[in-house]
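One-letter residues, chain by chain:
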Amino acid sequence: MNIKKYFGLFAVAMIGLSSCSDSESFDPAVAPEPPVPNIIPEPPTIKPKAMWIDAHANFEKLATKDGIDGELKKIKEAGLNMIYLDVKPGNGYALYKSDILPYCNTYGDVTVTRDYDDYLGYFLEKCEELELDVVASVSATVFGFRAESGANQGFIYDNLSAWYDKCQVRSVNGEDNVGKTINICDDELQSGAYLTPASPEVQDLIVSICSEIVTKYPKVKGLSLDYLRYCNNEGGYFGMGDVDLNGYASYWGEPKPELTEIITETGGVGPKYAKWIEYRSATVTSLLGRIRTAVKAINPNCEIHLWASGDWGSRYGIGQNWASKNYKPSGFQYTDTYSKTGFADLLDVFVTGAYASKVWISEDPTTVWTVENFVKTWNNYIMGDCKCYGSIAAYALDASKNLDATYLCLKNTDGFMTFELSHVNNLGLWVSTKDGISRYEDPSSYKGGDSLY
């Protein structure tokens, strides 16, 4: 044996033994810990990110193919992947090929000549090319419009004798007006004319419009219901006409109430106020149920969306209980059975209107009116019954706030919508919208400050 080799092997063995401390002997049966791998986090889920396109605000701009093409290109380049397209706006006319409603070539004081035949049809064609989903929006109960010139315009005013007694009515308070009401068509405080959802004929009209859109345009991803509610603008609660008061009597199995049993002579809460609140919410929920049943019978894959203010606590005033039926509120305005009017289970997507000018709760902890609050509290009410997209009012935000608000919606809800195209254009919010999306979808690139990159 080579003696030098022998002593070399012996020395190596002794070094190995000395590396084990006296208190911990080496055990060859125990494998060493494997190295910790570099774990790359999963990227955030790509969520729906939508631009709302209002018919009136963009009426002239979108009267040509070039106008539509240009706006859709900007929408796509900003990182958005969906649009909410207003196809039955508040004048009660149609921006699609309808057999029920007149086609809308005039809005207010503006008349356009288009270089295409079908507004919704052309949008669907171009959005398919750009891989943008389209949700068609319907102003459900609004069928008339008062132009800036003061002229009345729209479906109701074209057919006033047929629809006047089916319009929403409010009480007029004051010592000289006890027991008096005013029809919304005659109400100069209102900019729109609402039909009452309590009327069977009105319900039939709205359901037929929704069914027509889904039937004629099977490529729409969903149907969004806007203004599915009672009006509550400038001067009190609506739902005081004979159609609603008789509906109240039928719903509760009671005599038709006096107006002052709901709202007192001095404008206070009457003894039947809470029952009236439940009745109106139940009426809206019933109509939504009819719409859902009709739409799903035609196209089970067509989603039902509804936008409403994120301030749930104020929605009782317009009959819009977007909560789960399992959510049971307390307060003078609620009956013990009010929760059964919740309609979250009838929706595929609730779009919560986080339309606040303050973004972060820390800006004002004393108010619910912050974007952060609304996008973090929605499920306290919905309780998992449907998805929720956070939406923001672009007109209330500068670029920095718009970036933060966009990010908060995507982080805390199932999707995002910005309202709306004309405001994003006028305020130059395209870059901040894109940056807000990137902040959520590619957080490693976000460095804070004025710019992401």
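Residues numbered from 1 in each chain as written. Predicted model: local features only at pLDDT ≥ 70, side-chain atom pairs only at ≥ 80, totals over all residues. Heavy atoms only, no water.

**Looking at the pairing of strand β5 (residues 133–139)**
For step 1, the next point in the chain: Taken across its seven residues, β5 has six buried, putting it largely inside the fold.
For step 2, the next point in the chain: Bridge count between β5 and strand β11 (residues 222–226): five bridges; the pairing is parallel. For Val 138, the partnering residue across the bridge sits in β11 and is Leu 225. (Buried < 20%, exposed > 50% of the residue type's maximum accessible area, 1.4 Å probe, protein only. Helix = DSSP H or I, 4+ residues; strand = E, 2+ residues; numbered from the N terminus. Pairing = 2+ DSSP bridges.)

**Focus on the sheet that holds strand β7 (residues 152–153)**
For step 1, the next point in the chain: If you trace the three strands from one edge of the open sheet to the other, you get β7-β6-β10, paired in antiparallel fashion. Two strands close off the open sheet at either side, each with one partner strand: β7 and β10 (192–194).
For step 2, the next point in the chain: Where strand β6 (residues 142–146) lies against β7, two bridges are found, and the strand directions are antiparallel. In the strand pairing of β7, Phe 145 is matched with Gln 153.

**Some points on helix α3 (residues 119–130)**
For step 1, the next point in the chain: Between the first and last C-alpha of α3 there are 17 Å, a value that for 12 residues agrees with the 16 Å anticipated at 1.5 Å per step.
For step 2, the next point in the chain: Its buried side turned inward, α3 meets β1 (49–53), α2 (65–77), β2 (82–88), β5 and α6 (200–216).
For step 3, the next point in the chain: Capping the start of α3, Asp 118 holds a side-chain oxygen 3.3 Å from the backbone nitrogen of Leu 120, two or three residues further along.
For step 4, the next point in the chain: Immediately downstream of α3, the backbone of Glu 131 shows phi near 60 degrees, a positive value. (Expected span 1.5 Å × (residues − 1). Contact = heavy atoms within 4.5 Å. Polar contact = N/O pair within 3.5 Å; in protein donor to acceptor, adjacent residues only side chain to side chain.)

**With respect to the packing of helix α11 (residues 399–412) against helix α13 (residues 430–441)**
For step 1, the next point in the chain: With their axes 8 Å apart at the nearest point, α11 and α13 run at an angle of 35 degrees to one another. Of the two possible hands of crossing, α11 and α13 adopt the one that is right-handed. Seen from α11, the contacting residues are Ala 399, Asn 402, Leu 403, Asp 404, Thr 406, Tyr 407, Leu 410 and Lys 411; seen from α13, they are Ser 432, Thr 433, Asp 435, Gly 436, Ile 437, Arg 439 and Tyr 440.
For step 2, the next point in the chain: Residue composition of the contact of α11 with α13, grouped by class: six nonpolar, five polar and four charged. (Axes fitted to C-alpha atoms, helices over the stretch in contact; angles between N-to-C directions. Left-handed = near helix turned anticlockwise from the far one by under 90°. Nonpolar A, V, L, I, M, F, W, Y, C, P; charged D, E, K, R; others polar.)

**A closer look at helix α10 (residues 371–382)**
For step 1, the next point in the chain: In this model α10 runs 17 Å from its N-terminal to its C-terminal C-alpha over 12 residues, within 8% of the 16 Å that 1.5 Å per residue would give.
For step 2, the next point in the chain: Taken residue by residue, α10 has Val 371, Glu 372, Asn 373, Phe 374, Val 375, Thr 377, Trp 378 and Ile 382 as its buried positions.
For step 3, the next point in the chain: Looking one or two residues past α10, Met 383 carries a phi angle of roughly 55 degrees, positive in sign.

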